[in-house]
Amino acid sequence: MLLSPKEKKRLYQQYGPTALVTGASSGIGKELAEKLASAGFSLIIAARDEKKLKEVRDTVQVKYNVQVDVIPVDLSIEGNTDLLIQQIQHKDVGLIVLAAGYGTSGLLQHSSLHTEINMLRLNCESVLILSHYYAQRFSQQKRGGIIFLSSMVAFQGVPYAAHYAATKAYIQSLAEALSEELQPFNVSVLAAAPGPVSSGFGSRAQMKMGKALTPEEVGVPILKALGKQVTVLPGWLTKLLVYSLRTLPRWGKIKVMKQVMSGMAIHK
């Protein structure tokens, strides 16, 4: 999917000239970085994998002739998010895309506590630090945008992905409230809550992904929703799954998600 010339112009005028994208080495983060480059944004791309980041940079620079700064960093390590901010505080950033994150699956009691805490730091703590800093910056300059990567699992507890779903519930709640707080300052906040996406997420989370969207199917809907709504359910599969659960009480949604996840989680 491609952004229309009209959407490219709107995004750049409202949120340019530079976008920070975390988790930009793969998946949705990479897709959003490429689409923003197509709209003329200079990019700051951050992720753990320096080699993959440089590949994204080289592709984007050749294709769209924009400036791309590569910052290899593991945002799950305490202090690294602050170091990232220090490195880029002089940049004229108007949009941040907080796409870095990963999931776990299976029974929580059987999981590695170290891994769960690491996920908590990446999925929540690093996001809090970056959104707090840029909420201040954007409020002062009276313009800006923040895209949070939520998930369809954010709307109820999810057995066999209990902690991952909890981190996304945190993100969803934070985005919804921050949207109201920053609205008077002309700052847009969006929670993107996709369903299953083929992005390398499944292998790291130890999940067998069945039907899944591609990053290309969710990138454009996310960017088109920025500044127009608070939560977007990108892609046909996301809408189908979320709307099919909508009529159930919360306990019913949990039961359904238990059945879905029990078939996806690779049990040890």
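Notes on the structure in this doc start here. Note that the structure is predicted; figures quoted are calculated from it, not measured.

**Re unusual backbone geometry**
- Cis geometry marks the peptide bond from Gly-16 to Pro-17, where omega comes out at 5 degrees.
- Within the secondary structure, Pro-17 is located in the loop between α1 (5-15) and β1 (18-22).
- Positive phi is not limited to glycine here, since Lys-142 has a value of about 60 degrees.
- On the basis of relative accessibility, which here comes to 46%, the residue Lys-142 falls in the partly exposed class.
- Here Asn-186, not a glycine, exhibits a phi torsion of approximately 65 degrees, which is positive.
- With respect to the helices, strands and loops of the structure, Asn-186 is situated in the loop between α6 (162-182) and β6 (187-192).

**Quick word on the packing of aromatic side chains**
- Enumeration over the complete set of coordinates arrives at three aromatic pairs.
- Ring geometry for Tyr-133 versus Tyr-134: centroids 4.9 Å apart, planes at 90 degrees, classification edge-to-face.
- Tyr-134 gets classed as buried once you look at its relative accessible area, which sits at 0%.
- Joined through ring pairs, the aromatic side chains of Tyr-133, Tyr-134 and Phe-138 make up one cluster.

**Quick notes on empty space enclosed by the protein**
- The tally for this structure, following the rule as stated, stands at three cavities of 30 Å³ or more.
- Roughly 50 Å³ of volume is contained in the largest cavity.
- If you go around the largest cavity, the residues you meet are Thr-104, Ser-105, Gly-106, Leu-107, Leu-108, Ser-111, Glu-116, Ala-161, Ala-162, His-163 and Tyr-164.
- Looking at which element gives the most residues to the lining of the largest cavity, the answer is α6, with three residues.
- Tallied by class, the residues present in the lining of the largest cavity amount to five nonpolar, five polar and one charged.
- Looking at the second largest cavity, its volume works out to about 40 Å³.
- Around the second largest cavity sit Leu-98, Ala-99, Ala-100, Gly-101, Asn-123, Val-127, Leu-149, Lys-168 and Ile-171, which together line it.
- Of all elements in the fold, only α5 (113-141) and α6 reach the threshold of two or more residues within the lining of the second largest cavity.
- Considering only residue class, the lining of the second largest cavity consists of six nonpolar, two polar and one charged.

**Let's talk about the sheet that holds strand β7 (residues 231-232)**
- With respect to topology, seven strands assemble into an open sheet ordered β3-β2-β1-β4-β5-β6-β7, the strand pairing being parallel. Looking at the sheet topology across the chains shown, the edges are occupied by β3 (68-72) and β7.
- Both strand β4 (residues 93-98) and strand β5 (residues 144-149) contribute to a ladder of four bridges, which runs parallel. Note that in β5 the partner of Ile-96 across the bridge is Ile-146.
- The strands that helix α3 (residues 50-64) touches are β2 (42-47) and β3; relative to β3, the one it contacts most, it runs at about 175 degrees.
- In the packing of helix α4 (residues 80-88) onto the sheet, the strands contacted are β1, β2 and β3, and the crossing angle to β3 comes to about 155 degrees.

**A few points about helix α2 (residues 27-38)**
- Between the first and last C-alpha of α2 there are 17 Å, a value that for twelve residues agrees with the 16 Å anticipated at 1.5 Å per step.
- Of all twelve residues in α2, eleven are buried, a share of seventy percent or more.
- Among the residues making up α2, those that are buried are Gly-27, Ile-28, Gly-29, Glu-31, Leu-32, Ala-33, Glu-34, Lys-35, Leu-36, Ala-37 and Ser-38.
- Just downstream of α2, Gly-40 is the residue with a positive phi angle, here 100 degrees.

**Looking at the side chain of Asn-118**
- Mapped onto the elements, Asn-118 comes out in helix α5.
- For Asn-118, the side chain forms a polar contact with the side chain of Tyr-102, separated by 2.7 Å.
- With sequence-adjacent residues up to four places away left out, Asn-118 is seen in contact with Ser-76 and Tyr-102.

Quick notes on the rules
Residues numbered from 1 in each chain as written. Predicted model: local features only at pLDDT ≥ 70, side-chain atom pairs only at ≥ 80, totals over all residues. Heavy atoms only, no water. Helix = DSSP H or I, 4+ residues; strand = E, 2+ residues; numbered from the N terminus. Buried < 20%, exposed > 50% of the residue type's maximum accessible area, 1.4 Å probe, protein only. Phe/Tyr/Trp six-rings, centres within 6.5 Å; stacked < 30°, edge-to-face > 60°. 1 Å grid on protein atoms, 1.4 Å probe; cavity = no way out; pocket = protein on both sides within 12 Å on 5 of 7 lines; lining within 4 Å. Points joined across faces, edges and corners; volume = space filled by probe spheres on them. Nonpolar A, V, L, I, M, F, W, Y, C, P; charged D, E, K, R; others polar. Pairing = 2+ DSSP bridges. Contact = heavy atoms within 4.5 Å. Axes fitted to C-alpha atoms, helices over the stretch in contact; angles between N-to-C directions. Expected span 1.5 Å × (residues − 1). Polar contact = N/O pair within 3.5 Å; in protein donor to acceptor, adjacent residues only side chain to side chain.

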